[in-house]
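Each chain, letter by letter, is given below.
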Amino acid sequence: MKNNYLFLVSILLVLSTASCKKKVESCKLGKSYISDGSSTPNPNIFSYYSDGRLQKIEYSNNTKDTLIYNADTLVVRTLDNTDSTTAVFTGVLNSAGNVTTGTKVYLDYSGNITSTESYLLEYNAEGNLTQKSVTDATGLTILSITYNGNNSATGTLFIAGVLDRKYTFYHSGVSNKTDIDDMNGVFTPYFGSRSANLLDSTFIITSTDTTKIQYSHTLDANEYVQKTIQTYLNHGADTKYLTYQYFDCNK
């Protein structure tokens, strides 16, 4: 009887250990790939400072974003595939590290400013982005998002005072540990906290059409998203395949 008891205890310990291994919360996004399924894409590569903040993104087309933090200021410098600076974004950070105001200037190859954008960003108490206003030479663009708990629920995009599109978001019960943005599947942690759960589907409604995006996620052993299949359903079907790789998962 005692041997049976010890055997059961050992099994429970093994199961508990396996369960704990699936709850790693510290993985950093290292690479992401976007494919249409017919080609082998180059990766987007992410690197970080020693304190964990994002330092650089090297995109699949060989352009780069480099990030420099100075007290409450963030500077994002965009480089083309010849390492020439094409844009500089300077943002003011709040206590949570989210950009509240910012200016982005676009540069020609001589370093002259060709155009400018001004940013104003608002967040709720949980740090989710609720409104992003961007002003440029053509006018004002406003993206507004409402939330159900910590998940995005609806959104609107106004361009020069005219409603361009509406969004409706539906989430699964799976945690969004990768911190991927609901709007375009990118990783920009300085624009607020992401939805708590992964998307199940999104409806994008314009004056002429409605597009449904259906999501199918595959998780890795640490319950981070390893692969997402996005299927766009309207008059036809278009599919994108997004793959993610991580590192530093044992800290």
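Before reading on, note that the structure itself is shown above.
These lines cover the structure that appears in this document, whether it is placed above or below. (Residues numbered from 1 in each chain as written. Predicted model: local features only at pLDDT ≥ 70, side-chain atom pairs only at ≥ 80, totals over all residues. Heavy atoms only, no water.)

Take the overall build of the protein next. Of the regular secondary structure elements, the protein holds one helix and 16 strands. Carbon and sulfur atoms make up 53% of the accessible area of the protein, which amounts to about 14400 Å² in all. (Helix = DSSP H or I, 4+ residues; strand = E, 2+ residues; numbered from the N terminus. Areas by Shrake-Rupley, 256 points an atom, 1.4 Å probe, with all protein chains shown as cover.)

Linking two cysteines covalently through their sulfur atoms gives a disulfide. Applying the stated rule across the entire model yields one disulfide. The disulfide partner of Cys27 is Cys249, and the S-S distance across this bridge is 2.1 Å. When the S-S torsion is 135 degrees, as for the bridge of Cys27 with Cys249, the disulfide is right-handed. You can see Cys27 sitting in the loop between helix H1 (2-21) and strand E1 (28-35) and its partner Cys249 sitting in the segment after strand E16 (237-247), a full 222 residues away along the chain. For Cys27, a relative accessible area of 12% puts it in the buried group. (Disulfide = S-S within 2.5 Å. Buried < 20%, exposed > 50% of the residue type's maximum accessible area, 1.4 Å probe, protein only.)

To find leftover empty space, a probe the size of one water molecule is rolled over the atoms. Looking at the second largest pocket, its volume works out to about 430 Å³. In terms of lining, the second largest pocket is formed by 24 residues, of which the most central are Gly52, Arg53, Leu54, Phe187 and Pro189. Across the lining of the second largest pocket, the residue classes break down as 13 nonpolar, five polar and six charged. (1 Å grid on protein atoms, 1.4 Å probe; cavity = no way out; pocket = protein on both sides within 12 Å on 5 of 7 lines; lining within 4 Å. Points joined across faces, edges and corners; volume = space filled by probe spheres on them. Nonpolar A, V, L, I, M, F, W, Y, C, P; charged D, E, K, R; others polar.)

Glancing now at the pairing of strand E2 (residues 44-48). Two faces, one strand: in a regular strand the side chains alternate between the faces of the sheet. Of the two faces of E2, the one holding Asn44, Phe46 and Tyr48 is buried and the one holding Ile45 and Ser47 is not buried anywhere. Looking at chain direction, E1 and E2 are connected through two bridges and run antiparallel. What sits directly across from Lys31, in E2, is Ile45. In this sheet, strand E3 (residues 54-58) lies alongside E2 in antiparallel orientation, the contact comprising four bridges. Across the sheet, Phe46 pairs through a bridge with Ile57, a residue of E3. A loop of five residues connects E2 with E3, the two strands running antiparallel in sequence, and Gly52 in this loop sits at a positive phi of about 95 degrees. (Pairing = 2+ DSSP bridges.)

With that settled, the discussion passes to unusual backbone geometry. If you check the backbone angles, Asn62 has positive phi at about 75 degrees while not being a glycine. By secondary structure assignment, the location of Asn62 is in the loop between E3 and strand E4 (64-70). Positive phi values are uncommon outside glycine, yet Asp248 reaches one of about 55 degrees. With respect to the helices and strands, the residue Asp248 is situated in the segment after E16.

Scope: geometric values only; no functional claims are made or implied.
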